[in-house]
Number of protein chains: 2
Amino acid sequence: MAVNLNPPQAGQLPAIAGVELLVAEAGIKTPGRKDVLVVRLDKGNTVAGVFTRNRFCAAPVRLCQQHLAAGVQIRALVVNTGNANAGTGVDGHNRALAVCQAVAEQNQLQVEQVLPFSTGVILEPLPADKIIQALPTLRQADWAEAAQAIMTTDTIAKAASRTLEIDGKKISITGIAKGSGMIHPNMATMLGFVATDAAVTRPLLNQLVKEVADQSFNSITVDGDTSTNDSFILISTGKSEAALIDSVEQPAYLQLKQALLDVAIELAQAIVRDGEGATKFITVEVNGGRSVAECKDVAYAIARSPLVKTAFFASDPNLGRLLAAIGYAGVADLDVDRLSLYLDDVLVACDGGRHPDYREEQGQAVMNQSEITVRVELGRGAACAKVWTCDFSYEYVRINADYRS
Amino acid sequence: MAVNLNPPQAGQLPAIAGVELLVAEAGIKTPGRKDVLVVRLDKGNTVAGVFTRNRFCAAPVRLCQQHLAAGVQIRALVVNTGNANAGTGVDGHNRALAVCQAVAEQNQLQVEQVLPFSTGVILEPLPADKIIQALPTLRQADWAEAAQAIMTTDTIAKAASRTLEIDGKKISITGIAKGSGMIHPNMATMLGFVATDAAVTRPLLNQLVKEVADQSFNSITVDGDTSTNDSFILISTGKSEAALIDSVEQPAYLQLKQALLDVAIELAQAIVRDGEGATKFITVEVNGGRSVAECKDVAYAIARSPLVKTAFFASDPNLGRLLAAIGYAGVADLDVDRLSLYLDDVLVACDGGRHPDYREEQGQAVMNQSEITVRVELGRGAACAKVWTCDFSYEYVRINADYRS
């Protein structure tokens, strides 16, 4: 059902020097399925992350935050699917720690040098033994296989790459992500790992990971549910020949940031395109606001409205539902007579009502497409925001009603 | 599909002295269907109302607010279904005014003494002519017929009554409501009209309408969408023999408030029971919060989560989704290790995870019921809140994808 999304092809995903990928089948939930990914990082790297703000955040999320704060160099990531290790209390913490400990021993590291990630069902005890027993069976993998190893209800693996030149030196970026339900900012049920061989100082990488997440993974919604396990990790191995980036003033910083954004947005959009039951990919663009925050409020009011999303599913240009969502977005003193609403390039509403020249056939033609842009011009400022979402179908209900996911 | 909801029976709905009900078929959307209700009020009454906070509020909502503020006595309400007269700009205002003018002329009133209400499709011009032409065909009706006349996608008419004695004098309260989709506080797509023959001063009635709405119509959600037309009107005719209520200190005030609340809650719950596609009626009760606001935040996070609502539809005791929703409700410094989660009387989670004695069969038994209470004990204060919602089914998608409602 994914909307205009193709699986990644190994040849299109450059390896990142300093990053080694390994996968295994631990049989956590489904026998014979790749469900464990270990990422080994060479010395000299820098790692930064942002995590879910859900108060019920999972044990591995808390451990990641502790290990990143410990000041040691991160040398390995261990990811499992099939179990989220969330809502599992002290026992969940101990199990996540045991997995980190086993990876640390295998690689002669301290336990704080290992970051754990889990995704899958909540409230079930993590079968840590199965993961630990699978560690000796880990085998080398490429990025496409790594993307497969972190899938849960995803129907298509998600990966993206960019290469750029900084001062004549080639830089590569490759990333993978998973997620398709419980998708909403701060953050979606998603894991995202993006690595580059560029060299970036830790303070700058910490800043980059936040800025990039904000305009990518924090700008999507499938169902408005924020998950317990979301994590986005940025890895800089420093193995390219390009000079260290240590200031936001450097042109190289902006170049790298744009390329990282491109990768992260492609991954974030892939999550929406593969959204549970999705048949359409919707971009909601809000311009002319007084602040980015109010533009995001309007964009999310539209993007998470079940009435709007079922209208997209039905290809029904039901403009009233769009206007109602704008109206309840909570923007203070919004003057609805000054805003304009577009479906792609068709002006459908202004002056507080339907545009006099608008004909339903025009709206219908846009609604029939698989990719649609809703654009709102608030007419009260210079701020803007963009959010991506999908429609709401029978299939969404089936997936979430039939399966314990 | 409505959950444990029966149509009102005329004999159970006492007439309210000073209130005359009239209905007609104007053929606004469907020929032969009762789609216009006029409520005539005797002199000496008091009327108060609360309205949608949607910025795209409809022309009749704005007119209601103006007419209530004009300081004249309200003597008639005119309600139409089939068209919301929302998102219709200046033309919509003129059409709503024309309807009020015609009702005023018919009853020898000033135009400001008439309150207009519309519900139905948004963005279409109101066929004011049809309504005006139908006015001479109005005929007397009882409350049950009045409830039918304001239905849109409702499958069952909604009405409720209570009688009480104040100082030995009998007081009657009867109310009707409509709504089943685009239901969320501030307010749901709902119209509610509650009348009593008690005598209440205008300042007190203004306070009552807010307090009653807050604990009834503003405590329900079907799909999280707040509509453009929502209105709740409280009418006090003063025709009973009981003394005027003019102070919150009077015991009679609390007696009347409780009875009005009972009627309003029954009507609000009826809207949820008849929620589009509903197969289950869910009460979400949050106790032990630091403020009512944070309790409502948690209750609504649960009540509007599509993942939680599809799990209810599937009778799946998927506790992880409930915990995740509590976690992302935005409660500052929420300590998840201190909260408890119950399904009816079954303690399912505490200490940050599943309760050790909990067995899935227990949760399953509750989930199989058509009425379920989710109770969260936050363990950090004395505030509480209660919210009502329904599940999320295939039928919801079908209703909203197949029809322009």
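Each value, and the rule that gives it
Residues numbered from 1 in each chain as written. Chains lettered and ligands numbered in written order. Predicted model: local features only at pLDDT ≥ 70, side-chain atom pairs only at ≥ 80, totals over all residues. Heavy atoms only, no water. Pairing = 2+ DSSP bridges. Helix = DSSP H or I, 4+ residues; strand = E, 2+ residues; numbered from the N terminus. Axes fitted to C-alpha atoms, helices over the stretch in contact; angles between N-to-C directions. Contact = heavy atoms within 4.5 Å. Domains from an automatic or database assignment. Buried area = accessible area lost by both parts, 1.4 Å probe. Salt bridge = Lys/Arg side-chain N within 4 Å of Asp/Glu carboxyl O. Polar contact = N/O pair within 3.5 Å; in protein donor to acceptor, adjacent residues only side chain to side chain. Expected span 1.5 Å × (residues − 1). Buried < 20%, exposed > 50% of the residue type's maximum accessible area, 1.4 Å probe, protein only.

## A short note on the sheet that holds strand E2 (residues 36-41) of chain B
All names here are of chain B. Across the sheet, which stays open at both edges, the five strands sit in the order E5-E4-E2-E1-E6 with mixed pairing between neighbours. The sheet is open, and its two edges are formed by strand E5 (114-119) and strand E6 (139-141), each paired on a single side. Sheet twist, expressed as the average angle between the axes of neighbouring strands with direction ignored, equals 25°. As judged from the three bridges shared by strand E1 (residues 19-24) and E6, these two strands associate in the antiparallel manner.

## So, the environment of B:Phe281
Residues and elements named next belong to chain B. Mapped onto the elements of the fold, Phe281 is located in strand E12 (residues 281-289). Counting along the chain gives 89 residues from Phe281 to Ser370, while the straight-line C-alpha distance between them is 6.2 Å. Setting aside residues no more than four positions away along its own chain, Phe281 makes contact with Val3, Gln269, Val272, Arg273, Ser370, Glu371, Ile372, Trp388 and Thr389.

## Focus on the domain arrangement of chain A
All names here are of chain A. As assigned here, chain A comprises domain 1 (10-273) and domain 2 (281-402). Computed over C-alpha atoms, the centres of domain 1 and domain 2 are 32 Å apart. Counting residues at the interface gives 16 residues for domain 1, matched by 13 residues for domain 2. Where domain 1 abuts domain 2, roughly 1,200 Å² becomes buried across the two surfaces, and 56% of that area is made up of carbon and sulfur atoms. Across the domain 1-domain 2 interface, the total number found is one salt bridge. Between Glu371 and Arg273 there is a salt bridge, with its nearest N and O atoms 2.4 Å apart. Connecting domain 1 to domain 2 are six residue pairs in polar contact (both at pLDDT 80 or more). Of all the secondary structure elements, the ones that give two or more residues to the side of domain 1 that touches domain 2 are strand E10 (220-221) and helix H6 (251-273). Considering every element that reaches the side of domain 1 that touches domain 2, the biggest residue donor is H6, with four residues.

## Digging into helix H2 (residues 89-106) of chain B
Residues and elements named next belong to chain B. Compared with an ideal rise of 1.5 Å per residue, which puts 18 residues at 26 Å, H2 spans 27 Å between its outermost C-alpha atoms and is within 8% of the ideal. Those residues of H2 lying buried are Gly92, Ala96, Val99, Cys100, Ala102, Val103 and Ala104. Taken together, the buried residues of H2 touch helix H1 (59-69), strand E4 (76-81), E5 and helix H3 (128-134). Gln108, located one to two residues past H2, shows a positive phi value of around 55°.

## As for the interface of chain B and chain A
With 58 residues of chain B at the contact, the number on the chain A side is 58 residues. Across the chain B-chain A interface, the total number found is two salt bridges. For B:Arg354, the salt bridge identified is with A:Glu124, shortest N-O distance 3.6 Å. Summed over the shared surface of chain B and chain A, the result is seven residue pairs in polar contact (both at pLDDT 80 or more). Listed by contribution, the elements that provide at least two residues to the side of chain B that touches chain A are helix H8 (306-313), helix H9 (319-327), strand E15 (353-354) and helix H11 (394-402) of chain B. Of the residues forming the side of chain B that touches chain A, the biggest block, seven residues, is contributed by H11(B).

## Quick word on the environment of A:Ala70
Looking at where A:Ala70 falls in the secondary structure, it is placed in the loop between helix H1 (59-69) and strand E4 (76-81). Residue A:Ala70 is classed as partly exposed on the basis of its relative accessible area, which comes to 41%.

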